[in-house]
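Examining the three-dimensional arrangement
Letter by letter, the chains look like this.
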Amino acid sequence: MGKKEYEPVIGIEVHAQLLSDTKIFCACRPEYGAEPNTRVCPVCLGLPGALPVLSEQVVDMAVMMGLALGCEIAPRSIFARKNYFYPDCPRNYQISMYDRPLCENGELELEPEEGAGKVRIERIHLEDDAGKMTHTGEGASHVDFNRCGVPLIEIVTRPDIRSAEQASGYLKRLRQILRYLRICDGNLEEGSMRCDVNISVRETGSDELGTKTEIKNLNSFKAVEKGIEFEVERQIGVLESGGRISQVTNLWDADNQRLVMMRSKEEAHDYRYFPEPDLLPLEVSTDRVKEIGRELPELPLEREKRFRESYGLSAYDASVICAERSMADYYEEVAEGSGLPKKSANWVMREVMGELKKSGVEIEDFAVESTSLAELVKLISGGTISGSAGSEVFEKMVRTGKEAKVLVNELGLEQISESSELEDMAERIIAEHPEEAADYRAGKKKLIGFFMGQVMRESGGKANPGMAREILTKKLED
Ligand SMILES: [Zn+2]
């Protein structure tokens, strides 16, 4: 009997915490790491009689994400109560959306290096977050309600993902888009972006869906990949030995790099969903959708494509530069300001990114303004200063925040590009080294390096190397 081939069938749910000024249904301002139970009010604590009021900003952000993923935006969607009892949820229900979500039927196209393929987005809906439980391990548990009512969008894919690589490719792209839109900081470790993965396996070629299991608590892309690989292996093992997959939820245990079975999963109807009576149906007009569409920034994939086409960048360079919107903005200003897009890309990718990585500073707070770096790129390219002087100026720019031109003057780094000055210098040096000059003329052309060294030493490194070499060669061959 031939060995059966299996393929994983994966769907992903992402909860993204929106960077709104207030919580979704009250005026409390969320703040990560705030003193427990200080960002609360009667509404988000679910006190009797307190009524929710929907934040318009939160709706706009969700619509923005819907448009970025090519979703249809429902003109009318319904908030629903998802009932459950747990100490982190003082109301005993979460306000979410059920059968009438805000956004539906989108898609996200993955690039070849991300595992290629199209991932269909089933829906995006709004909901509020629960509080946070901390278990001390000594029998005590603490609850912090600060996170109650923090706005989330839940983004749900169809089961279109076929590998761990594709799953993390999808999540990285999704995170990038959330950050481009500036609606979520995408911090997996702090939980502002949370991923739940549904996995089943089936015989390759089959159209049927197997019983799926879920993995929660995946707080890094690496954990997503490992967790999926783990679970796929496990399920294939069960099927191969003639067993059946049961519907369970697994938690990723990052400390021990393994899956821990948490509980058998409740069915959706256990939550007894019903329309939220304290909120009107959410109506979003086509005009509002159009307006949000106009404000949508250029998305990462489009931007990469434009940088390749209009600036001649390689696919790799474009993707590195466009990874973050602020970096892409910075690069674009340098490229436009200098008129030298490729040289600008080299500077941004090597010096700027290297410096940011070393110092842990964000590009928004970087001491070197894009206009100033553009100036520096032009000074080097035009021959006013040498490449090595450029590096020196750049370092000083980082430390002092001064402009390139000012530093070039202060440091006296301007290259000697006056041919008369260089000619005098070359003549003098050749006259001082008659033996080397004779050897050169007899065919030892490598000695040009020796003469260049002399010129650079004499000029204190300021001779324009291209010109110096040209003049020396001419004089030596005369
Ligand atoms: Zn509140």
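Definitions and cut-offs
Residues numbered from 1 in each chain as written. Predicted model: local features only at pLDDT ≥ 70, side-chain atom pairs only at ≥ 80, totals over all residues. Heavy atoms only, no water. Donors = N, O, S within 2.8 Å, 3.2 Å for Na, K, Ca; no water. Tetrahedral: all angles 85-135°; square planar, octahedral: opposite > 155°, others 65-115°. Helix = DSSP H or I, 4+ residues; strand = E, 2+ residues; numbered from the N terminus. Axes fitted to C-alpha atoms, helices over the stretch in contact; angles between N-to-C directions. Parallel < 35°, antiparallel > 145°, perpendicular 65-115°, else oblique. Contact = heavy atoms within 4.5 Å. Nonpolar A, V, L, I, M, F, W, Y, C, P; charged D, E, K, R; others polar. Buried < 20%, exposed > 50% of the residue type's maximum accessible area, 1.4 Å probe, protein only. Polar contact = N/O pair within 3.5 Å; in protein donor to acceptor, adjacent residues only side chain to side chain. Pairing = 2+ DSSP bridges. Right-handed = clockwise from strand over helix to strand, strands pointing away.

**Quick notes on the coordination of the zinc ion**
Those donors, C26 (SG), C28 (SG), C41 (SG) and C44 (SG), are the protein atoms that reach the zinc ion, and they lie 2.3 to 2.4 Å from it. Around the zinc ion sit four donor atoms, and with donor-metal-donor angles ranging over 101 to 114 degrees the site reads as tetrahedral. Ordering the donors of the zinc ion by residue number gives the pattern C-x1-C-x12-C-x2-C. With C26 in the loop between β1 (6-17) and α1 (56-68) and C41 in the loop between β1 and α1, this residue pair connects regions lying 15 residues apart in the sequence.

**Comments concerning the packing of helix α12 (residues 419-432) against helix α13 (residues 434-441)**
One way to put it is that α12 packs onto α13 with a least axis distance of 5 Å and a crossing angle of 95 degrees. Between α12 and α13, the angle falls in the class roughly perpendicular. In this structure, α12 contributes I430, A431 and E432 to the contact, and α13 contributes P434, A437 and R441. Within the contact of α12 with α13, the residues separate by chemical class into four nonpolar, no polar and two charged.

**Description of the environment of D160**
Locating D160 in the fold gives a position in the loop between β10 (151-157) and α2 (164-180). Judged by relative accessible area, D160 falls into the buried class, the value being 15%. For the pair D160 and G117, spaced 43 residues apart in sequence, the C-alpha to C-alpha distance is 8.7 Å. Among the polar contacts made by the side chain of D160, one reaches the side chain of R120 at a distance of 2.8 Å.

**With respect to the environment of I321**
Looking at where I321 falls in the secondary structure, it is placed in helix α6 (residues 315-321). Classification of I321 by relative accessible area gives buried; the value is 0%. Distance in space between the C-alpha atoms of I321 and K3 is 45 Å, their sequence separation being 318 residues. Apart from the residues lying within four places of it in its own chain, the contact partners of I321 are F307, L313, M327, A328, Y331, A345, M349 and M353.

**A closer look at the pairing of strand β12 (residues 213-218)**
Note that strand β11 (residues 193-203) and β12 share four bridges and pair antiparallel. Bridge pairing links C195 to L218 in β12. With three bridges joining them, β12 and strand β13 (residues 248-253) adopt parallel strand pairing. Residue pairing across strands places I215 opposite N250, the latter belonging to β13. In this region the chain leaves β12, passes through helix α3 (residues 221-240) and returns to the parallel neighbour β13; the handedness of that crossover is left-handed.

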